[in-house]
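Single-letter residue listing:
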Amino acid sequence: MPVRIDRQKCDNCGRCLERCGMDIYVRSSGGTVFPRYPRKCVDCTLCVSGCPLHAISMIFPHAGSLPATSGEACHAH
Amino acid sequence: MRTDMDILHTDVLIIGGGAAALAAACAAAETGAGVLLVDAGRPARSGSSATAGGGTAAAFGQTCLGVPGNDDTPEIHFEDTLREGRGINNPRLVNLLVTEILPLVRRLTAAGVPYARTEEGLYYQNRGVGQSRPRNCTPRGNSAALCEWLFKTAAFRGAVSLCRMRILSLLHDGSRVSGAVAMRTDTGEMLCIAAGSVVIAAGSATALMPYASAAFPTWGDAFRLAWEAGAELANMEFLEFTFAPMAAGRVFSCGGSTQLVSRGARFINNAGEAFLERLPGLGSHPTRAALVPAFYREIRAGRGPIRLECASIPAARWEEWAAIGHPLIELLKALYGSGYQHETLAFTPALHCVLGGIVTGEWGETAVPGLFAAGEAATGVHGAARLGGNAIAECLVFGSRAGAAAAAAGGTSRAGVQQAREALEAFRGEESSEPFQAHVALLRQTAWETLGVVRTASELERGQRFFDGMAALAGKSRALSARSLCELLNLRGLALTAQLASRAALERTESRGCHLREDIPDAASRQTEAAWRLNIIFARDGGMCPRRGHAGC
Ligand SMILES: Cc1cc2nc3c(=O)[nH]c(=O)nc-3n(C[C@H](O)[C@H](O)[C@H](O)COP(=O)(O)OP(=O)(O)OC[C@H]3O[C@@H](n4cnc5c(N)ncnc54)[C@H](O)[C@@H]3O)c2cc1C
Ligand code: SF4
Ligand code: SF4
């Protein structure tokens with residue numbers, strides 16, 4: 001899941017919901033804002049930088065375990 | 001899916017929801033015209049504009065990192081742009097860009113766009129890639145903040161917008177463009193729009209390559225719509241590349257990567273060598289057109305991946321970027337947490353902008369009456385390579401111009417639902433068994449291999465044959481569901497873009513700007529330099545055969 005809201009910090013202001021171009025976030029009937037469709041996330045980080053309470057984090061595998069993928073970009077030649 | 005169709009009437013239809021479309025909507029609505037903005041995504045949250053840095057080139061010559069002022073002028077901005085564009089730009093458009101952007105940025109600032117300024121109110125200007133003077137004004141919150149402001153302003157002035165609506169086809173009444181057919185991308189609901197005039201501000205085709213810097217891709221719809229309506233397209237061989245962060249097998253959207261080099265950042269190869277330092281002639285402020293091939297060739301020589309050493313970035317830069325909310329910082333924090341300044345991050349060459357596009361005049365007008373274009377959809381400002389900050393400036397200046405001109409053009413539309421139904425026959429029909437998505441993936445891979453950072457005639461020819469085949473297949477395919485119609489549109493837009501780009505790249509037997517022909521010796525390119533200061537132009541009546549000339553002049 002690429003985005004996560006820290007419930008301790010979030011005050012459900014809805015800014016992330018407004019900001020996300022992919023409509024990942026929804027507000028539940030109880031008023032809680034949460035990422036409902038995380039698989040559609042395009043990793044643009046707009047919600048992260050827009051959250052006034054720094055409550056959103058993006059989740060990746062730890063960098064140490066990242067594959068060295070950028071070499072692939074030229075493999076065709 | 002519903003088969004009946006509603007019709008909406010408007011004076012001006014604006015296609016897109018990025019900086020160019022929003023600037024056009026603000027300007028058109030200011031005249032009192034009825035404005036309908038239709039975006040395939042969410043306005044201000046789609047296209048390249050959503051995740052762009054927002055650096056806006058405007059030659060105020062004001063402050064840079066505490067250094068007071070410089071001698072920048074619109075004349076120097078003009079010269080810089082023509083030098084980088086290498087004889088391919090339309091000087092009249094460049095002149096408008098460099099002069100009109102100054103009052104526009106001032107006006108936007110006065111109205112509330114948060115362009116970063118010093119306490120005394122001077123613009124904080126940083127040196128965008130290729131600029132001879134620090135010239136970029138950057139909004140706090142980047143381009144997203146600028147677009148958000150434009151969107152609210154357009155709405156305040158009465159512009160109506162529809163989101164998640166994709167324009168499938170333009171309508172024509174024999175003498176002028178009269179509207180369009182749109183589809184809701186989730187439900188497949190169709191809508192006929194009758195419009196006095198139409199502005200295409202639907203971006204370019206950043207999805208053409210599997211590696212691209214834009215988080216929200218565009219699929220060549222702008223080019224296809226204009227082409228089918230009979231407009232001219234030019235400069236399609238000039239695809240601009242950058243390098244973009246890559247992690248967990250994905251490319252991340254991040255503007256300003258090439259600028260990092262002149263900011264003291266070190267990129268190292270797999271042997272830990274700062275390879276750019278060994279290259280002759282790069283200078284302290286290398287251009288994108290010089291940097292990206294160097295980067296690419298290093299990887300091709302087996303010395304990739306290339307990584308950014310975060311520790312090489314001076315503390316003052318981190319503070320500066322933190323202040324404007326540089327996307328790189330968010331990405332690094334997400335990857336590494338607070339200790340990111342001591343990590344490294346892999347980068348890959350990636351498609352950034354398409355510099356070719358719809359040929360327009362000073363007011364965004366095209367060869368087709370009633371049809372206007374602006375932003376990355378259009379061509380003429382940048383030429384063979386683009387200076388940092390000139391694209392957002394272009395969107396603001398020419399978006400505003402096209403919006404105002406489209407409103408002034410008036411025109412009564414006679415478009416009706418019956419005409420829209422007929423137009424739909426080119427798309428909708430018995431679902432074909434073709435796997436559109438797989439075709440798109442193959443097309444993008446082939447585009448990367450044949451139209452990528454470096455090119456050769458044999459590879460371009462291979463690509464062209466493949467793209468022609470794909471275009472023919474997409475042309476005769478039909479789809480029914482909203483999802484497969486979208487995939488079919490993606491395939492058609494990208495195939496047309498690739499067909500035109502590969503032909504133009506074959507035609508231009510030299511290297512210039514971001515068009516790099518490895519099969520043509522540099523000495524040969526130097527000899528023919530003056531002769532090639534012209535545009536390669538496609539017109540519908542010429543079919544796929546390009547002509548050489550001066551576009552828009
Ligand atoms: C990561 C990144 C950073 C950048 N940073 C800078 C920078 O700092 N300074 C600078 O000058 N330039 C920068 N650029 C380039 C610049 O951002 C773009 O050239 C510019 O934003 C293009 O704006 P646009 O409005 O023309 O198109 P886009 O922003 O691409 O918008 C296209 C719009 O059209 C819509 N659309 C497409 N097809 C259809 C259809 N069929 N029907 C309805 N709507 C449709 C899309 O949904 C989208 O809203 C950057 C580019 C990238 C990718
Ligand atoms: S923007 Fe932040 S605080 Fe507001 S709802 Fe989203 S996560 Fe919560
Ligand atoms: S990163 Fe972008 S797409 Fe993903 S949830 Fe945040 S705003 Fe939406």
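Definitions and cut-offs
Each chain has its residues counted from 1, running along the sequence as written. The naming scheme follows written order: chains are lettered A onward, ligands numbered 1 onward. A pLDDT threshold of at least 70 governs which residues receive local features in this predicted model, and a stricter bar of 80 or more applies before side-chain atom pairs are shown or counted, although totals over entire chains, interfaces and linings include all residues. For the side-chain quantities, the full set of heavy atoms in the structure was used; hydrogens and water were omitted. Elements are defined by DSSP. Helices are runs of H or I of four residues or more, strands are runs of E of two residues or more, and each kind is numbered from the N terminus. The globule rule used here is 2.2 Å times the number of residues to the 0.38 power, and the radius of gyration it is set against is calculated over C-alpha atoms. Burial classes follow relative accessibility: with a 1.4 Å probe on protein chains only, a residue under 20% of its type's maximum area counts as buried, one over 50% as exposed, and anything between as partly exposed. Note on contacts: a residue pair qualifies if any of its non-hydrogen atoms lie within 4.5 Å across the two residues. Each accessible area is a Shrake-Rupley estimate made with a 1.4 Å probe; only the visible protein chains count as cover when residues are assessed. Working convention for charge: Lys and Arg count positive, Asp and Glu count negative, and His plus the chain ends are omitted. Charge placement uses NZ in Lys and CZ in Arg. For Asp and Glu, CG and CD serve respectively. The rule for pairing is simple: two strands pair if DSSP sees at least two bridges between them. Axes, fitted as lines to C-alpha atoms, cover a helix only where it is in contact. Angles between the N-to-C directions of the axes lie from 0 to 180 degrees. The rule for a residue being near a molecule or strand is that one of its heavy atoms must lie within 4 Å of it. Charged residues are taken to be Asp, Glu, Lys and Arg, nonpolar residues to be Ala, Val, Leu, Ile, Met, Phe, Trp, Tyr, Cys and Pro, and polar residues to be all remaining types, Gly included. The nonpolar core is taken to be a set of buried Ala, Val, Leu, Ile, Met, Phe, Trp, Tyr and Cys residues, with the residues joined through side-chain atoms within 4.5 Å. Expected helix span is taken as 1.5 Å per residue step, with the number of steps being one fewer than the number of residues. The cut-offs work like this: below 35 degrees is roughly parallel, past 145 is roughly antiparallel, 65 to 115 is roughly perpendicular, and the gaps in between are oblique. Handedness of a helix crossing follows the sense of rotation of the near helix relative to the far helix, less than a right angle counterclockwise being left-handed and clockwise being right-handed. By convention, a stacked pair of Phe, Tyr or Trp rings (six-membered ring in the case of Trp) has centres within 6.5 Å and planes under 30 degrees apart, an edge-to-face pair has planes over 60 apart, and any other such pair is tilted.

This brings us to the overall build of chain B. Per the secondary structure count, chain B includes 16 helices and 20 strands. Whereas a compact globule of 553 residues would reach a radius of gyration of roughly 24 Å, chain B reaches 22 Å, a difference of no more than 12%. Reported as C-alpha extents along the three principal axes, the dimensions of chain B are approximately 65 × 55 × 50 Å. Every one of the 553 residues in chain B was classed for burial, and the buried ones make up 64%. Considering only contacts within chain B whose residues lie at least 6 apart along the sequence, 73% involve residues at least 24 apart. Just so you have it, chain B exposes about 18600 Å², and 53% of that area is on carbon and sulfur atoms. Chain B carries 53 positive and 52 negative side-chain charges, and their two centres are separated by 1 Å.

We now examine the sheet that holds strand β19 (residues 535–538) of chain B. All names here are of chain B. Reading across the sheet, the 5 strands line up as β18-β16-β10-β19-β20 and stay open at both edges, with mixed pairing between neighbours. The open sheet terminates on both sides in strands that have one partner only, identified here as β18 (378–379) and β20 (547–549). Strands β10 (233–234), β16 (357–359) and β19 of the sheet are contacted by helix α6 (residues 221–229), whose axis makes an angle of about 35° with β16.

Moving on: the site of ligand 3. As a structural note, the neighbourhood of ligand 3 is formed by Val3(A), Cys20(A), Met22(A), Ile24(A), Tyr25(A), Cys41(A), Val42(A), Asp43(A), Cys44(A), Thr45(A), Cys47(A) and Met58(A). When grouped by side-chain class, the residues that make up the shell around ligand 3 number 10 nonpolar, 1 polar and 1 charged.

Right, let's get into the nonpolar core. One recurring pattern in soluble globular proteins: nonpolar side chains tend to sit buried together. Counting residues in each nonpolar core, the largest one holds 141 residues, and the members touching the most others are Tyr25(A), Leu13(B), Ile167(B), Leu170(B), Ile200(B) and Phe267(B). The dominant element in this core, judged by the number of residues it contributes, is helix α15 (residues 482–507) of chain B, at 14 residues. Ala20(B), Ala29(B), Leu396(B) and Ala402(B) belong to the second-largest nonpolar core, a separate cluster that totals 53 residues.

What follows covers the site of ligand 1. Residue and element names in this part refer to chain B. Around ligand 1, 42 residues are found, and the nearest of them are Asp39, Ser46, Ser49, Asp221 and Glu376. For the shell around ligand 1, the elements supplying multiple residues, two or more each, are α1 (19–30), α2 (47–51), β7 (165–172), β15 (344–354) and α11 (390–409). Its residues assigned to classes, the shell around ligand 1 shows 16 nonpolar, 21 polar and 5 charged.

Moving on: the pairing of strand β11 (residues 239–247) of chain B. Residue and element names in this part refer to chain B. Most of β11 is tucked away, with 9 of its 9 residues classed as buried. Pairing of β11 with β15 involves 7 bridges; the strand directions are antiparallel. The residue bridging Glu240 from the neighbouring strand is Cys353, located in β15. When β11 meets strand β12 (residues 250–251), the two strands line up antiparallel, connected through 2 bridges. Paired with Met246 across the two strands is Val251, which belongs to β12. Where β11 hands over to β12, the hairpin turn is made up of 2 residues, of which Ala248 adopts a positive phi near 50°.

Residue and element names in this part refer to chain B. Given a rise of 1.5 Å per residue, 15 residues ought to cover 21 Å, and the 22 Å separating the end C-alpha atoms of helix α5 (residues 142–156) matches this to within 8%. Within α5, 11 of the 15 residues are buried, which leaves the element mostly enclosed by the surrounding structure. Three or more residues of α5 are buried, namely Asn142, Ser143, Ala144, Ala145, Leu146, Cys147, Glu148, Trp149, Leu150, Thr153 and Ala154. At the C-terminal side of α5, Gly158 shows a positive phi close to 105°.

Now for the packing of helix α3 (residues 74–85) of chain B against helix α4 (residues 91–111) of chain B. Residues and elements named next belong to chain B. Look at α3 against α4: their axes get within 9 Å of each other, and the N-to-C directions meet at 140°. As the angle between them shows, α3 and α4 are arranged oblique. The two elements α3 and α4 meet at a crossing, and its hand is right-handed. Between α3, through Pro74, His77, Phe78, Thr81 and Leu82, and α4, the contact on the second element is made entirely by Pro91, Val94, Asn95, Leu97, Val98 and Leu102. Grouping the constituent residues of the contact of α3 with α4 by class yields 8 nonpolar, 3 polar and no charged.

Take the pairing of β19(B) next. All names here are of chain B. With burial as the criterion, each face of β19 is covered, one bearing Asn535 and Ile537 and the other bearing Ile536 and Phe538. Here β10 runs beside β19; their pairing, made up of 2 bridges, is antiparallel. Along β19, the bridge assignment pairs Leu233 with Phe538. Bridge analysis of β19 against β20 gives 3 bridges, and the strand direction is antiparallel. Looking at β20, one finds that Asn535 is bridged to Gly549.

Before going further, it helps to spend a moment on the packing of aromatic side chains. Residue and element names in this part refer to chain B. Across all of its chains, the model carries 12 aromatic pairs over all chains by this definition. When the ring of Tyr211 is compared with that of Trp448, the centres are 4.9 Å apart and the planes differ by 55°; the resulting orientation is tilted. Here Tyr211, found in the loop between β9 (190–200) and α6, pairs with Trp448, found in helix α13 (residues 436–451); they are 237 residues apart in sequence, far enough to count as distant. Here Tyr211 falls in the buried class, since its relative accessible area comes to 8%. Classification of Trp448 by relative accessible area gives buried; the value is 1%. A ring pair is formed by Phe243 and Phe295, whose centres lie 3.8 Å apart and whose planes are at 10°; its orientation type is stacked. Of this pair, Phe243 sits in strand β11 while Phe295 sits in helix α8 (residues 288–303), and the two are 52 residues apart along the sequence.

In short, shape yes, function no, at least from these values alone.
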